[in-house]
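Residue-level structure breakdown
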Amino acid sequence: MRPLDDTSAKLRSEAVSDRNFVVIFHVAALAIAAWTGYLVEYLVLWILPLVTVVQAILRLRAIAEHGATTDFSSPLTAARTNLAPAWLEWLIFPHSVNYHIEHHLYASVPHYNLPALHREMTGRGMLEGAEVMPFRKTIKRIFSEKAIPISAA
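A brief report on the enclosed structure follows.

Scoring rules and cut-offs
- Residues numbered from 1 in each chain as written.
- Predicted model: local features only at pLDDT ≥ 70, side-chain atom pairs only at ≥ 80, totals over all residues.
- Heavy atoms only, no water.
- Buried < 20%, exposed > 50% of the residue type's maximum accessible area, 1.4 Å probe, protein only.
- Helix = DSSP H or I, 4+ residues; strand = E, 2+ residues; numbered from the N terminus.
- Arc of directions from axis to C-beta.
- Contact = heavy atoms within 4.5 Å.
- Salt bridge = Lys/Arg side-chain N within 4 Å of Asp/Glu carboxyl O.
- Axes fitted to C-alpha atoms, helices over the stretch in contact; angles between N-to-C directions.
- Parallel < 35°, antiparallel > 145°, perpendicular 65-115°, else oblique.
- Nonpolar A, V, L, I, M, F, W, Y, C, P; charged D, E, K, R; others polar.

Some thoughts on helix α8 (residues 135-143)
- Residues Phe 135, Thr 138, Arg 141 and Ile 142 constitute the buried set of α8. In an axial view of α8, the angular spread of the buried residues amounts to 115°, which keeps them on one side of the axis. Exposed side chains of α8 directed beyond 90 degrees from the buried face belong to Arg 136, Lys 140 and Phe 143.
- Here the buried face of α8 lies against α3 (53-66), β1 (81-83), α5 (86-92) and β2 (132-134).

And the structure:
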C-alpha cells in the first residue's frame, strides 16, 4: 500500500497543487534574486536554513510531539502537549502546535484557539493522565537511556 492510498482524491490534488505552488515560488524567487543581484543573500538566508536548521527543528518538534510516549491505546497518551516559555514556543512550536493532544482530539479548532482549548480541557479535568509536560522534561525523556515513567517525570 502506498502512503497516500487512503487519502481522498481531493486532498491528493490539493497537496499536489500546494507542492507545485511552493516549487514555482522558489524558482521565481531564485530567478528574481539572481536578476536583482541578491542571489547569495537568497541562498544564505533562505535556502541554507531550509535545508539545515529548519529540518532539525521540525524533526525535534515531531519527536517532542510523538517520541517516547507511554501508551498508544489512548489519544491522551499517544501524543504529547509540550509546555514551554514563549521564546521557545516561537522558535520550535509556532502557531501553538505545542498543544498537540488538543490538536489531535479537536483537529478543526484553529491554531489560535488551541491555548484556550487547553485551558478549558485542563479546567474540566479532561487532560488528567495525558502526556502534558514542560518541554525540558520531554527532552530529558527523549534523550534518556530508558524512558522515564510518568510518575518520575
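Remarks on unusual backbone geometry
- Positive phi, close to 55°, is recorded for Ala 68, a residue that is not glycine.
- Residue Ala 68 is classed as partly exposed on the basis of its relative accessible area, which comes to 30%.

Observations regarding the pattern of salt bridges
- Scanning the entire structure with this criterion turns up five salt bridges.
- Here Glu 14 and Lys 10 are joined by a salt bridge, their closest N and O atoms 3.2 Å apart. Of this pair, Glu 14 and Lys 10 both sit in helix α1 (residues 9-36), four residues apart, which is roughly one turn of that helix.
- The exposure class assigned to Glu 14 is partly exposed, which follows from its relative accessible area of 35%.
- One salt bridge in this structure joins Arg 124 and Glu 120, with 2.5 Å as the shortest N-O distance.
- Its relative accessible area of 61% is what places Arg 124 among the exposed residues.

Overview of the packing of α1 against helix α2 (residues 39-51)
- Between α1 and α2, whose axes approach to 8 Å, the crossing angle comes to 150°. On the basis of their axis angle, the class for α1 and α2 is roughly antiparallel. Facing His 26, Ala 29, Leu 30, Ala 33 and Ala 34 of α1, the residues of α2 in contact are Leu 39, Tyr 42, Leu 43, Trp 46, Ile 47 and Leu 50.
- Of the residues assigned to the contact of α1 with α2, the class counts are ten nonpolar, one polar and no charged.

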